[in-house]
Structures are given as structure tokens and as C-alpha cells.
Amino acid sequence: MSNVIGGHAEENRPRATELQPLEASLGEQHSAGLIWDTSLVDGRFHMSKRWTMADRYTSFTDLAANERLDIDYQIRVLERGSDTVILAPHGGWIEPDTSKIAEAIAGSVFSFYAFESLRNAPHGHFHITSHRFDEPNAVTILGRSWTAIAVHGRRDEGTDAVWLGGRAIDLRDAVGNSLRSAGFETELNKRLPGTEATNICNRTRSGEGVQLELSRRLRRQLVCDANLLRSFANAVQDSVPPPPVNRTPPTRQVLRTSPSAGRKAALQHGYDRLVWANRSPGSGRRSQHDAEKES
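Residues numbered from 1 in each chain as written. Predicted model: local features only at pLDDT ≥ 70, side-chain atom pairs only at ≥ 80, totals over all residues. Heavy atoms only, no water.

As for the overall build of the chain
Here is step 1: A tally of regular secondary structure across the chain gives 10 helices and 11 strands.
Here is step 2: Within the span of the chain, comprising 295 residues, buried residues form 51% of the whole.
Here is step 3: Summarising the internal contacts of the chain: among those between residues at least 6 apart in sequence, 75% fall at separations of at least 24.
Here is step 4: Carbon and sulfur atoms make up 50% of the accessible area of the chain, which totals about 13600 Å². (Helix = DSSP H or I, 4+ residues; strand = E, 2+ residues; numbered from the N terminus. Buried < 20%, exposed > 50% of the residue type's maximum accessible area, 1.4 Å probe, protein only. Contact = heavy atoms within 4.5 Å. Areas by Shrake-Rupley, 256 points an atom, 1.4 Å probe, with all protein chains shown as cover.)

This is the structure:
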């Protein structure tokens, strides 16, 4: 499996007068406009302004028609036949480090999905908001899973509490309890509750999933501290209950990735077939259907 995720240089913390990086908490609003931020510096209030950017694309079809697979973005999927899938629909440069955190949570236990921007661009360029996110591989793997946990990023504001959302109320609360027991702060996500039926985390067989929003600061801490990341990932893993005995989980074992990852990746991970994640059969590269037929 290809583990290439768009790297990013560590940035200096911006001053009050500088433009702030825009992440999911504002990207979900679908509108461009002028935002004024207030900050307290040395006992004085400072005002700063920045422009929010609307999502450039409203569907994966639009994005795939204008961006290049394996050059501008990549798709990674590991299907382990688990009842739960862990996903990062805004990985790579879109909401940095969310893919790494989602992959750590998935570990060797849960199925994993990531859509990753490989190019540093404004947040809205590759960001397809969660209730419009319809990349076919994501829709397929979630449709085979009973529930899902989506890892998202938000900008630094207030505390570093993990914002909890989604329609799977029991699982959401279990994740919150487990994270708090491990020493992490949590709170209900009132701004982006993630309760739309079309939100990608809810497009499961049960119609429910969980959405986690992590501040930029917390994400940096997790990826820079292996022990902290392990503690976070274990806490989320431990909150997922085993599937009921009367529900048979999916059994198909597939590694779906892009052609550049190669067939060797499937063999290394013990998967019985390799499926290309491609934008369309007529794009000049092998289609998903052709790859399955050859395997």
C-alpha cells in the first residue's frame, strides 16, 4: 500500500494581522466572504480579517474532471472485512494529518479510507464538504460497513477538545467517554453536528456514523508524539463494540489503491486482490473493472 501523504512544512504561528489557514470548521459553510477575527494580545484586542473560500467542487465527478489522479490527489482504501471503517475524506494537504490519525485508529483492525490532496492549494480547492462527498470508493466501502468514524480537521480556536458528531449517538458517546478516560478533552459538535443523512460518515448500512473534528494544534501533537497518537488511537478503537452475532460482517478482502502503489503492496499486506482506484474506465489508465478482471 502506498503510504505517501502530502507532506507539509511546519508553519510559524500567524500574527493577528496575517491570514489564517482555513480548515473544515469554515470550509463546510460553502460560501466565500470576509470574516473578522478578534484576538487578545498583550492585554489588547486586535482585529484581523480573512477571506473564506467556497469549495471549488460540489462533487467528486467535478473534481475528477479537472484534477489528476496520483498527481493532484490520491485515494487509499484498505478493506479488512471489518464492520467499522475509519476514514479521512479530507486528507493530505486539505486538513493536514487527518489521514495519519485515521490510519493509526484503523491499525490492523478496521477498514481504512483516505482521500488525499497531494498539492498544497487553498482549503476549498480539493475540499468536498462532507454531505456532498461522493467519491465512489468511499461510498462503496461505507455501504458495506455497518458504521464509520470520520476524522476531520478544524482550525485552532478555543480549547483542543475533540468535537464529537454524527448520527451514531451511542458510538459517539462511547468514543467521547473513552477519549476522556485516556486524558483527551471532548465536547459535542454544535457547529458541525454531522447529522445529515448524506454526510459521508452516515452513508453506512446502518445509516449512522461518527464525525471527529480535531484542532490543528492537537493534530500536530498527535503526529509528533508516537505514544500520544497510540493512546488516542487505542481509545477510539476500544470504544467500538463487537458486531452483534446476528449480523454477518462483510468478508471481501481488497486493497484498493492507485496504480502507482503496485501489485506488490497487495501481496505485502496479504490481500487477495488489488483494485485500482481510478476516475473512469476511459481515462487511459486501467479501470477498476479491468483490474478486478485480471486478478
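Quick word on the pairing of strand E9 (residues 210-215)
Here is step 1: Burial runs high along E9: six of the six residues are buried.
Here is step 2: Where burial is concerned, the two faces of E9 agree: the one with Val210, Leu212 and Leu214 and the one with Gln211, Glu213 and Ser215 are both buried.
Here is step 3: With three bridges connecting them, strand E7 (residues 162-165) and E9 associate as antiparallel partners. Counted as the bridge partner of Gly165 is Gln211 from E9. (Pairing = 2+ DSSP bridges.)

A look at helix H8 (residues 226-239)
Residue pairs three or four apart in sequence face the same way in an α-helix, which turns once every 3.6 residues.
Here is step 1: Its 14 residues place the ends of H8 20 Å apart at the C-alpha level, agreeing with the 20 Å of an ideal helix rising 1.5 Å per residue.
Here is step 2: As for H8, its buried residues are in contact with helix H3 (98-106), strand E6 (147-154), E7, helix H6 (169-181), E9 and helix H7 (216-224). (Expected span 1.5 Å × (residues − 1).)

Notes on the environment of Phe110
Here is step 1: Its location among the elements puts Phe110 in the loop between H3 and strand E5 (111-117).
Here is step 2: Sequence separation between Phe110 and Gly81 is 29 residues, and the spatial gap between their C-alpha atoms is 7.8 Å.

Observations concerning the pairing of E5
Here is step 1: Counting buried residues in E5 gives seven out of seven residues, a clear majority hidden from the surface.
Here is step 2: Neither face of E5 is exposed, since Ser111, Tyr113, Phe115 and Ser117 on one face and Phe112, Ala114 and Glu116 on the opposite face are all buried.
Here is step 3: As paired strands, strand E3 (residues 73-79) and E5 are joined by six bridges and run antiparallel to one another. Of the residues in E5, the one forming a bridge with Gln74 is Glu116.
Here is step 4: Looking at chain direction, strand E4 (residues 84-92) and E5 are connected through six bridges and run parallel. In the strand pairing of E5, Leu87 is matched with Tyr113.
Here is step 5: Each parallel crossover has a hand, and the one from E4 via H3 to E5 is right-handed. (Right-handed = clockwise from strand over helix to strand, strands pointing away.)

Section: the packing of H3 against H8
Here is step 1: The interhelical angle for the contact between H3 and H8, taken along N-to-C directions, is 55 degrees, at an axis separation of 8 Å. As far as their axial angle goes, H8 and H3 are oblique. The interaxial crossing formed by H3 with H8 has right-handed handedness. Each of Ile101, Ala104, Ile105 and Ala106 in H3 lies in contact with H8, whose residues at this interface are Leu229, Phe232, Ala233, Val236 and Gln237.
Here is step 2: Across the contact of H3 with H8, the residue classes tally to eight nonpolar, one polar and no charged. (Axes fitted to C-alpha atoms, helices over the stretch in contact; angles between N-to-C directions. Parallel < 35°, antiparallel > 145°, perpendicular 65-115°, else oblique. Left-handed = near helix turned anticlockwise from the far one by under 90°. Nonpolar A, V, L, I, M, F, W, Y, C, P; charged D, E, K, R; others polar.)

A closer look at the nonpolar core
Here is step 1: Judged by nonpolar contacts, the single largest core of 30 residues is most densely connected at Ile149, Leu212, Leu214 and Phe232.
Here is step 2: Here this core gets five residues from one element, more than from any other, and that element is H8.
Here is step 3: Discounting chain neighbours no more than four positions away, the residues touching Phe232 are Ile101, Ile105, Val162, Leu179, Phe184, Leu214 and Leu222.
Here is step 4: Tyr57, Leu87, Ile128 and Cys201 belong to the second largest nonpolar core, which has 24 residues in total. (Core = buried A, V, L, I, M, F, W, Y, C linked by side-chain atoms within 4.5 Å.)

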